[in-house]
Amino acid sequence: MTELWLSLELLKYGLLAGIFLGISFAFTSPFLVLKRNSLFPHALTHILFLAIILISIISEYFPNIFTYPLLEYPIMGLVTLFCTSLVFVLKRTFRLYEDTATSIIASLALGIALILITKTSQYDTRLLSYLFGSLMTVTSKDMFNSLWIACLTLLVFYKYYPLWITQKTDHEIPGVNFKWANFWFLTILTLQVFISIKLMGVLLVSSLFVFTSVLGLKTGNNVKQTIFLTALTNLFSILSGTIVSLVWDIPFSSAVVLCMSFWLLISFILKSWRT
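In what follows, the accompanying structure is described. (Residues numbered from 1 in each chain as written. Predicted model: local features only at pLDDT ≥ 70, side-chain atom pairs only at ≥ 80, totals over all residues. Heavy atoms only, no water.)

1. Quick look at helix H12 (residues 252-274)
Then step 1. When the terminal C-alpha atoms of H12 are compared, their 33 Å separation across 23 residues agrees well with the 33 Å that a helix rising 1.5 Å per residue should span.
Then step 2. Among the residues of H12, Phe252, Ser253, Ala255, Val256, Val257, Cys259, Met260, Leu264 and Ser267 are the ones counted as buried. (Helix = DSSP H or I, 4+ residues; strand = E, 2+ residues; numbered from the N terminus. Expected span 1.5 Å × (residues − 1). Buried < 20%, exposed > 50% of the residue type's maximum accessible area, 1.4 Å probe, protein only.)

Next comes the structure, spelled out in structure tokens:
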């Protein structure tokens, strides 16, 4: 038991970051599922993985440039904006479906990232943390970034949630302007994924947007209940996943996915009994 408490002390920043992100995701992931766009975060992780590798390379040549807060976000924004523009070009010029164009650009971004990794000094243990995530690599800076992103999510949700509820699909409704609502929704999603990559890894970060939000949507009777159940399940999954990863000596991200799958299965069983 003493060893467990010592391990939790070492992982405190990762745990706090996970708690803040778990609360933050509850205000966006249900709407992502309702819009039938659950795979968008997975594609976004490929693009942001390229941004992370670029930031890591730049920090090696200019080690002091990212000591100031938030300087990495302009690079992330530029890479994301460029890739999003390419998706728009493929969609309009070659008449491709949006999911097809997104898949092409996301795969291209991941390919470029892997080339940069092999041709630079990034091919080390940091690569494993980018791919699979780790509680140990989360710093106090990442924890505070998770906190302010959670606060920003709450502010944006309070302002635009009526439009998010109204727009369950990507189709525009005549007379209603969704421009800024969609812009802030995508901005919040991008920030959430970017911060979560260090915690959950590129391969599994998108699971935070799907499992618990499906549970919340299936068991909640209204928006408030859905968000509350999603946030509660996120917290339970992150805390229980931490304990499981320490006891069984397995990666944190996979332990969290197992716990989320367990809670989702329990909710389905309980619901089937009630009906």
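2. As for the packing of aromatic side chains
Then step 1. A complete count under the given rule lists eight aromatic pairs for this structure.
Then step 2. Between the aromatic rings of Phe236 and Trp263, the centroid separation amounts to 6.0 Å while the plane-to-plane angle is 45°, which identifies the pairing as tilted. Of this pair, Phe236 sits in helix H11 (residues 223-248) while Trp263 sits in helix H12, and the two are 27 residues apart along the sequence.
Then step 3. The class of Phe236 is partly exposed, set by a relative accessible area of 46%.
Then step 4. Look at Phe262 and Trp263: their rings are 5.2 Å apart centre to centre, the planes differ by 65°, and that puts the pair in the edge-to-face class. (Phe/Tyr/Trp six-rings, centres within 6.5 Å; stacked < 30°, edge-to-face > 60°.)

3. So, helix H9 (residues 179-200)
Then step 1. Its 22 residues place the ends of H9 31 Å apart at the C-alpha level, agreeing with the 32 Å of an ideal helix rising 1.5 Å per residue.
Then step 2. Of the residues one or two after H9, Gly201 is the one with positive phi, at around 90°.

4. Quick look at the nonpolar core
Then step 1. Formed by 60 residues in total, the largest nonpolar core has its most connected members in Trp164, Phe194 and Met200.
Then step 2. Beyond its immediate stretch of four places on either side in the chain, Trp164 contacts Phe27, Thr28, Phe31, Val156, Phe157, Ala181 and Phe185. (Core = buried A, V, L, I, M, F, W, Y, C linked by side-chain atoms within 4.5 Å. Contact = heavy atoms within 4.5 Å.)

Scope: geometric values only; no functional claims are made or implied.
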